[in-house]
Amino acid sequence: MSDSSESTDSEDTFHDAPCDPTEREDSEFPCSSCEHNEAGRADEKTEKEPEEDPLQDIEKELEALELSQSPEEKEVRLSQSLSLKEKGNQFFRDELLPDALECYSAALRLCPTSHPRERAILFNNRAATLAKMERLDVAITDCSRSLVLHPSYVKPLLRRAQLLEKQDKLNEALEDYKKVLELAPAEENALRAHAIGYYSTSIKSNND
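Residues numbered from 1 in each chain as written. Predicted model: local features only at pLDDT ≥ 70, side-chain atom pairs only at ≥ 80, totals over all residues. Heavy atoms only, no water.

> Whenever I open this one, the overall build of the protein confuses me. Can you help?
For the protein, the helix and strand inventory stands at nine helices and zero strands. Helices (α) and strands (β) of the protein occur, in sequence order from the N terminus, as α-α-α-α-α-α-α-α-α. Taken across its 208 residues, the protein has 39% of its residues classed as buried. Roughly 13000 Å² of accessible area belongs to the protein as shown, and the carbon and sulfur atoms make up 52% of that amount. (Helix = DSSP H or I, 4+ residues; strand = E, 2+ residues; numbered from the N terminus. Buried < 20%, exposed > 50% of the residue type's maximum accessible area, 1.4 Å probe, protein only. Areas by Shrake-Rupley, 256 points an atom, 1.4 Å probe, with all protein chains shown as cover.)

> I would appreciate a short explanation of the pattern of salt bridges in the present structure.
Any two side chains of opposite charge can pair, given that their charged atoms come close. A full pass over the atoms with the stated rule returns seven salt bridges. The shortest N-O distance in the salt bridge between glutamate 95 and lysine 132 comes to 3.0 Å. Note that glutamate 95 is positioned in the loop between helix 3 (71-93) and helix 4 (97-110) and lysine 132 in helix 5 (residues 116-132), a separation of 37 residues in sequence. Residue lysine 178 is joined to glutamate 175 by a salt bridge in which the shortest nitrogen-to-oxygen separation is 3.9 Å. Taken together, the residues span about one helical turn, with lysine 178 and glutamate 175 both in helix 8 (residues 170-183) at a distance of three residues. The partly exposed category is assigned to lysine 178, whose relative accessible area is 39%. Each of Arg126, Asp142 and Arg145 takes part in salt bridges that share partners, so that together they form one network. (Salt bridge = Lys/Arg side-chain N within 4 Å of Asp/Glu carboxyl O.)

> So what exactly am I meant to see when it comes to the packing of helix 3 against helix 5 here?
Helix packing for two helices is described by the angle between their axes and how far apart those axes are. Remark: helix 3 packs on helix 5, axes separated minimally by 11 Å, with the N-to-C direction vectors making an angle of 25°. Taken together, helix 3 and helix 5 sit at an angle that is classed as roughly parallel. As helix 3 runs across helix 5, the sense of the crossing is left-handed. Taken together, the residues of helix 5 that come into contact with helix 3 (itself represented by Leu78, Leu82, Lys85, Asn89 and Phe92) are Glu118, Ile121, Leu122, Asn125, Ala128, Thr129 and Lys132. (Axes fitted to C-alpha atoms, helices over the stretch in contact; angles between N-to-C directions. Parallel < 35°, antiparallel > 145°, perpendicular 65-115°, else oblique. Left-handed = near helix turned anticlockwise from the far one by under 90°. Contact = heavy atoms within 4.5 Å.)

Here it is, written out as structure tokens:
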């Protein structure tokens, strides 16, 4: 059975700043302390700021924009967003993840707020792409946005559970897995809830 969290959605037309380049160490002038290098790298990781999301306020921005748009204009924007979504799906299948991400983000800037289901799909697809790019925090955020728009949508719920588990947030992951079991009892991946629940309870008991 394929993992539903590793796919984007196309049904019904239903789914960065670059790192600073590191300096090359000059072999003629090596650092006298390996521990110093390791400590510096640890500090860099600790001081890393949370990733900014350019779509953070997209819903409010769209609502304000749509006040001056006619129904016809909104339909044109919907059509454009669906076209971008299909392009994003193809890029995703071809493992061209930055291109897929760009398409889904552009589609979310166009898709009218009066189409919450389509917007939920786009957020889910963007989350799938971000997860594959190991940008887990933003991926989790997009899963949550998708669920706000479509609360019974299993794919982003399952994906969020798996990403939370990957971050060792077992209690939060367990709650999502339980909801998946309620919505889709036959979902094989959701059976992990039982194992996670047992493991989480064991940790709590040991810590007490």
